[in-house]
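Remarks on the overall topology
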Amino acid sequence: MSHWIDIAALDDIPPRGARLVKTREGCVAVFRTAADEVFALDNACPHKAGPLAEGIVHGSAVTCPLHNWVISLETGLVQGADEGQVATYPARVEDGRILLNAAFIVATKVA
């Protein structure tokens, strides 16, 4: 059974923006797309650990602020000629609130 944690209102994250959620296991970047989709990933880029929550959200991807690596918000896979992947975590919006699956975050060490 999943345990979902209410972390914020959807409106607390601007469209094409992100926020950082600190957990006992590490930091999770929570992204909101222009279409109001919500995604959660490790906050560290696989290249040089750039802070993805500070990156530019475009479509369903985020660009790392340090070296411009593009990472899919849906899969965590690095796009283009670069290679790598970050962990993704279940996230959803319910009644205007963003929820993260706590069991999944605890089971996986985040960056």
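Residues numbered from 1 in each chain as written. Predicted model: local features only at pLDDT ≥ 70, side-chain atom pairs only at ≥ 80, totals over all residues. Heavy atoms only, no water.

Ranked by size, the top nonpolar core spans 16 residues in total, and within it Phe-31, Leu-41, Cys-45, Leu-52, Val-62, Ile-71 and Leu-73 carry the most contacts. Within the residue set of this core, elements represented by two or more residues are β3 (26–32) and β4 (38–42). Leave out the neighbours within four places in its chain, and Leu-73 touches Phe-31, Thr-33, Phe-39, Leu-41, Val-57, Ser-60, Ala-61, Val-62 and Thr-88. Leu-10, Val-21, Val-38 and Tyr-89 belong to the second-largest nonpolar core, a separate cluster that totals 10 residues. (Core = buried A, V, L, I, M, F, W, Y, C linked by side-chain atoms within 4.5 Å. Buried < 20%, exposed > 50% of the residue type's maximum accessible area, 1.4 Å probe, protein only. Helix = DSSP H or I, 4+ residues; strand = E, 2+ residues; numbered from the N terminus. Contact = heavy atoms within 4.5 Å.)

With respect to topology, 4 strands assemble into an open sheet ordered β2-β3-β4-β8, the strand pairing being antiparallel. Where the open sheet ends on each side, the last strands, each with one partner, are β2 (17–23) and β8 (88–89). Pairing of β2 with β3, which is carried by 7 bridges, proceeds in the antiparallel orientation. Within β3, the position partnered with Lys-22 by the bridge is Cys-27. (Pairing = 2+ DSSP bridges.)

The next subject is the pairing of β3. A large share of β3 lies buried, amounting to 6 of its 7 residues. Taking the residues between adjacent antiparallel strands as the criterion, β2 and β3 are bridged by 2 residues. In the sheet, β3 pairs with β4 via 5 bridges, with the strands oriented antiparallel. Within β4, the position partnered with Ala-29 by the bridge is Leu-41. With antiparallel pairing between neighbouring strands as the criterion, β3 and β4 make up a hairpin whose turn holds 5 residues, including Asp-36 at a positive phi of roughly 65 degrees.

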